[in-house]
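Now for the letters of each chain:
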Amino acid sequence: MSIAAVQFGKNALVKLENSVVIVSREQLVPPPDTLSTALYTNNKLDYMLRNVDENLPLQSELDSSPSPEPQSQTITNNSHSTTTTNWKLLRVIAGAHTGWVRSLTVDPVTNQWFVTGGTDATIKVWDLANSSCKAIITGHIMAVRALVVSKKFPYLFSGSEDKEVKCFDLERSNSVSGCEIRNYHGHLGGIYTMALHPQLDLLFTGGRDQTVRVWDIRSRAEVMTLTGHKSDISSLIASEVDPQLISSSMDGTIRLWDIRKQTTELTLTHHSKSIRSMVEHPAESTFCSGDSSGNIKQWLFPQGELLNEFNSTDKNIINTMAVNHTNNNLFAGYDNGQFEIFDYVSGELLQSSKTIPSPGSTESSIFCSSFDLSGLRLVTGESDHSVKIWGEETQ
Amino acid sequence: MFSSLLSRPKHSDYFQPIKLGSKKSNINTRVLVVPEKESQVQVVHNDNSNSHSTLSKFYLNKDGTLNYNMTIAAQASDHRFHSSYEDTIPLKKRFPNLKHSFPKQTLATCPDDSVQKCVEETELVIKQLISQQSGEDNKESTQYANVTSSDVLGEERGRERQIQIKNYQEDPMLPPKHKLRKNRHTEPSPPAPILKNTTGSEKLTKEEQAKWKIPAAVSNWKNSQGFTISLDKRMQASTSNETHSVNLSKLSELTSALDDAEKQAREDIKIRNELRKEMMAQQEKEKELKLKELAELTRNQNNKRRHYDYNDANKRSRY
């Protein structure tokens, strides 16, 4: 349902000159089936319809009328109206791993499961609806720090502190011989982050050895090594438009790469502390980076301009960030267990609260987080060995 | 478990610092010299700039300091950079009326073919890189060699052959050839010399064997199981390092004598106990006999009396 929503949304955003989004209403009406009814009952529909000009005629009327030029190119101001959100803990998978939960991704296609990786060197596949463990994938010998699920193939890529990048075939996750089909050898340090090219079969990995390595997924060849960072690489963003790769590092810089020339296109040195997390908005050409003194900066690519600075209340280490594209919220999880939710557009603080550590641990830091595709659930992985599922409480 | 706690890879030199070439000191002195002419910016050419990492031109301010902006701008002709104060102020503060609408350009949504072009170009670059790595395009490196055969193989001499030498393309789908091994550091120094004769092992004599015999460890302070430890063992343990001042054979005799005495004493006690038991049993028997006699006596007396009483009663009833 939700992947349909995402594609639906993509089709709805058509860029005209002066970056004005105008969509006719008929384009937004999906064919009548169960999916569409589900979409219409979904309260997130207003997000997709936010840029629709009510004055625009329907497509059928446009076809009949000789002038296809829209009369008015005004956009309704789509800034988030609510001033606070109320995300509450819905479910705790206590003891999800026997170590810290260090990495997490939600299935980008069906939105039915999510994957977590922990310091116990295992990867676990969980059902998003009933949070039951669907599969346990082993193969790494140290903490699993990065997980990516491909949109094209049924593949799960995992990077670990044992310097190995592995590719698992999720269709064979219950087979006796294991589902590991490839491993990409070459990193000299632990792998902290990974990204997949949206169009090409390329895998970007980065980590402790200060390099970003680009792999050809099929032939396992290390296509290129991008050097330049002076410390561990903490997160990567890959996109199909230039810059095709953005990397953030513990040396406090963000580099936008031109992977055709294998050089840095632009280095952003605005952060004063090491950057642990960087997150891309799924529908916008913007991204956010959070450093370990609690500063969140919003950037605009391809030019790499500083777009906004978020005012967080306290100066804690940001471990993870996640973007809810349905209502434009930015989640930031801190090392001391605090989390804050910002409005992505205005940068206002909407909610600030703390996770409840599960019994047996006094404090719990949030290591990884992700919103699901529908934007109704937030999944976080924490240091109290648990995975927590959050939901927004509606008044 | 945490690789972040490990030290950095030792021989990985990723950071290539910007070098000023071999005439570095020369340039430094020139940097320090304040230019005499009152021009705004002075340009110093770095003659040794050959690689990508060296700067080709330096722009100096009036006071002789490096003008960063211009130097970087001259260097960064191929890429962009942020160097002004304006770049540090967010766009939303500079332009408060800026509308937040930055839709993402993807293959599906982009109106022109710029994204398509970008993807295709990247794909081409990647393909080239992969083919370079796998040795696919090494057709030029094919060599031909003329070989004149000799008598060795039984062929006629002087027969000429042409041999084609080329690199075979590596199968990219083959399993990896390397093996992950840990601690592959070799011993840094040559091994220490062995200072003993290892060729032949001579047979040990009895005295040597006895020398090698290690006495049992016996403590004078700890004996948690409560074993009886013979005196000679105790002596041995307490004086293991020193020479034995006590004659051990005599000591062992003494202990054996003591053992014998103890055994004797135990036997004596046993016999005595048995005798005592027998005596007790006899005494008891005697006592019982006495009691029996007494009982019989009293019974007989009673019988007599009863008989007399009976006769008496009969006599009274007649009256």
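Structure first, text after, so check above.
Reference entry: report on the structure contained in this document. Everything numeric in this text was worked out from a predicted model, so none of it was measured.

Rules behind the numbers
Residues numbered from 1 in each chain as written. Chains lettered and ligands numbered in written order. Predicted model: local features only at pLDDT ≥ 70, side-chain atom pairs only at ≥ 80, totals over all residues. Heavy atoms only, no water. Helix = DSSP H or I, 4+ residues; strand = E, 2+ residues; numbered from the N terminus. Buried < 20%, exposed > 50% of the residue type's maximum accessible area, 1.4 Å probe, protein only. Expected span 1.5 Å × (residues − 1). Contact = heavy atoms within 4.5 Å. Phe/Tyr/Trp six-rings, centres within 6.5 Å; stacked < 30°, edge-to-face > 60°. Lys NZ or Arg CZ within 6 Å of the ring centre and 35° of its normal. Pairing = 2+ DSSP bridges. Axes fitted to C-alpha atoms, helices over the stretch in contact; angles between N-to-C directions.

Broken down by element type, chain B carries 7 helices and 4 strands. The N-to-C order of helical and strand elements in chain B reads α-β-β-α-α-α-β-β-α-α-α. Considering chain B as a whole, with its 319 residues, one finds that 13% of them fall into the buried category.

A few words on helix 4 (residues 114-134) of chain B. Its 21 residues place the ends of helix 4 of chain B 30 Å apart at the C-alpha level, agreeing with the 30 Å of an ideal helix rising 1.5 Å per residue. Within helix 4 of chain B, burial applies to B:Val115, B:Cys118, B:Val119, B:Thr122, B:Ile126, B:Leu129, B:Ile130, B:Ser131 and B:Ser134. Buried residues in helix 4 of chain B make contact with strand 11 (202-207), strand 12 (212-216) and strand 13 (222-226) of chain A.

Before going further, it helps to spend a moment on the packing of aromatic side chains. All names here are of chain A. Counted by the stated rule, this structure contains 12 aromatic pairs over all chains. The rings of Trp 87, Phe 331, Phe 339, Phe 371 and Trp 390 are connected pair by pair, giving a single aromatic cluster. Arg 102 extends its terminal NZ or CZ atom over the ring of Phe 367, reaching a point 4.1 Å from the ring centre. Lying across the ring of Tyr 192, Arg 145 places its NZ or CZ 4.3 Å from the centre.

Attention now goes to the sheet that holds strand 27 (residues 377-382) of chain A. Strands pair in a sheet through their backbones, by hydrogen bonds, and they do so in one of two ways: parallel or antiparallel. All names here are of chain A. Read across the sheet, 4 strands follow the order 1-28-27-26 without closing on themselves; strand pairing throughout is antiparallel. If you trace the sheet from one side to the other, it starts and ends with strand 1 (87-93) and strand 26 (366-371), each paired once. Pairwise comparison of adjacent strand axes, ignoring direction, gives a mean angle of 25 degrees for this sheet.

On to the pairing of strand 4 (residues 123-127) of chain A, then. All names here are of chain A. The element strand 4 is largely enclosed, with a buried count of 5 among its 5 residues. Where burial is concerned, the two faces of strand 4 agree: the one with Ile 123, Val 125 and Asp 127 and the one with Lys 124 and Trp 126 are both buried. The pairing of strand 3 (residues 113-118) with strand 4 spans 5 bridges and is classified as antiparallel. Each residue of the ladder has a partner; that of Thr 116, found in strand 4, is Lys 124. Between strand 3 and strand 4, which follow one another and run antiparallel, lie 4 residues, and Ala 121 among them has a positive phi close to 65 degrees. Relative to strand 5 (residues 133-137), strand 4 runs antiparallel, the two sharing 4 bridges. Within strand 5, the position partnered with Lys 124 by the bridge is Ile 136.

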